[in-house]
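Structural overview
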Amino acid sequence: AEEALRASEARFRAVFEQAAVGIAKLDASGAFLRANPKLCAMLGYEEAELCTLRYPAITHPDHAESDRELHRQLLSDPAPAVEFGKRLLRKDGTTLWANVTISRADIDEPFYIAVIEDISARKAAEAKLRASEERGRLFVEHAPSSIALFDREMRYLAASRRYVEDMRLGDQPLIGRCHYDVFPGI
């Protein structure tokens, strides 16, 4: 039985230490009790340093109030898990976007397990996509030619001002409307 327990503990330790995501154990006050190597690397702290902090020390100020509310909620309602995105502060002061899942456990006393995935690359790609889409929208809107873009169902995605003028559409909104509803006789 002792050998089985040691083997089980070794497997758990290997999963914790070699996980591809950050994992932390926090007490009910939000103080770090343990942190795996991935989380330490993400945040730029040694585990001993991180274990001198509480979670607000790594929380971006924009998320401080929502974190306090979440903490109150977790203390009063031990829901299975809560998942959310937020920015975290690294030791060097830079930020990273993270997807955080926190679950509460009650063994002897309540504690929390946080699983933290760095989604900074995804957030950067989303921002680049939004900027590209905005440039495309502005290009079409201000084009000197009559241009309209449609989806497969012929709903307007974009239209140049010239198109609106040439088609004598006035101020009626087009985006999202079906071309055949705008021009029912076609």
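Residues numbered from 1 in each chain as written. Predicted model: local features only at pLDDT ≥ 70, side-chain atom pairs only at ≥ 80, totals over all residues. Heavy atoms only, no water.

Scanning the model with the defined rule gives one cavity of 30 Å³ or more in all. If you add up the space inside the largest cavity, you get close to 250 Å³. Contributing to the lining of the largest cavity are 19 residues, with Leu26, Tyr55, Lys86, Ile102 and Ala114 lying nearest its centre. Partitioning the lining of the largest cavity into residue classes produces 13 nonpolar, three polar and three charged. (1 Å grid on protein atoms, 1.4 Å probe; cavity = no way out; pocket = protein on both sides within 12 Å on 5 of 7 lines; lining within 4 Å. Points joined across faces, edges and corners; volume = space filled by probe spheres on them. Nonpolar A, V, L, I, M, F, W, Y, C, P; charged D, E, K, R; others polar.)

This part takes up the pairing of strand S7 (residues 156-159). Two faces, one strand: in a regular strand the side chains alternate between the faces of the sheet. Sheet topology note: the strand S6 (residues 148-150)/S7 ladder contains three bridges and is antiparallel. Its bridge partner being in S7, Leu149 is matched across the sheet by Ala158. Where S6 folds back on S7, the antiparallel hairpin that results is connected by five residues, among which Met154 adopts a positive phi of roughly 65°. (Pairing = 2+ DSSP bridges. Helix = DSSP H or I, 4+ residues; strand = E, 2+ residues; numbered from the N terminus.)

By the secondary structure assignment, Asn36 is in the loop between strand S2 (32-35) and helix H2 (37-43). With a relative accessible area of 0%, Asn36 lands in the buried category. One polar contact links the side chain of Asn36 to the main-chain carbonyl oxygen of Val21, over a distance of 2.9 Å. If we ignore the near neighbours within four places in the chain, the residues touching Asn36 are Phe16, Glu17, Ala19, Val21, Gly22 and Ile23. (Buried < 20%, exposed > 50% of the residue type's maximum accessible area, 1.4 Å probe, protein only. Polar contact = N/O pair within 3.5 Å; in protein donor to acceptor, adjacent residues only side chain to side chain. Contact = heavy atoms within 4.5 Å.)

As a further point, take the pattern of salt bridges. Under the counting rule described, the total for this entry stands at 15 salt bridges. The residue Asp118 makes a salt bridge to Arg90 at a minimum N-O spacing of 3.9 Å. Note that Asp118 is positioned in strand S5 (residues 109-118) and Arg90 in the loop between strand S3 (82-89) and strand S4 (95-107), a separation of 28 residues in sequence. Judged by relative accessible area, which is 35%, Asp118 ranks as partly exposed. Several salt bridges share partner residues, and in doing so they unite Glu134, Arg137, Glu141 and Arg161 into one network. (Salt bridge = Lys/Arg side-chain N within 4 Å of Asp/Glu carboxyl O.)

A few words on the side chain of His60. Among the secondary structure elements, His60 is positioned in the loop between helix H3 (47-50) and helix H4 (64-76). Discounting residues that sit within four places of it in the chain, His60 has contacts with Arg87, Leu88, Leu89 and Thr95.

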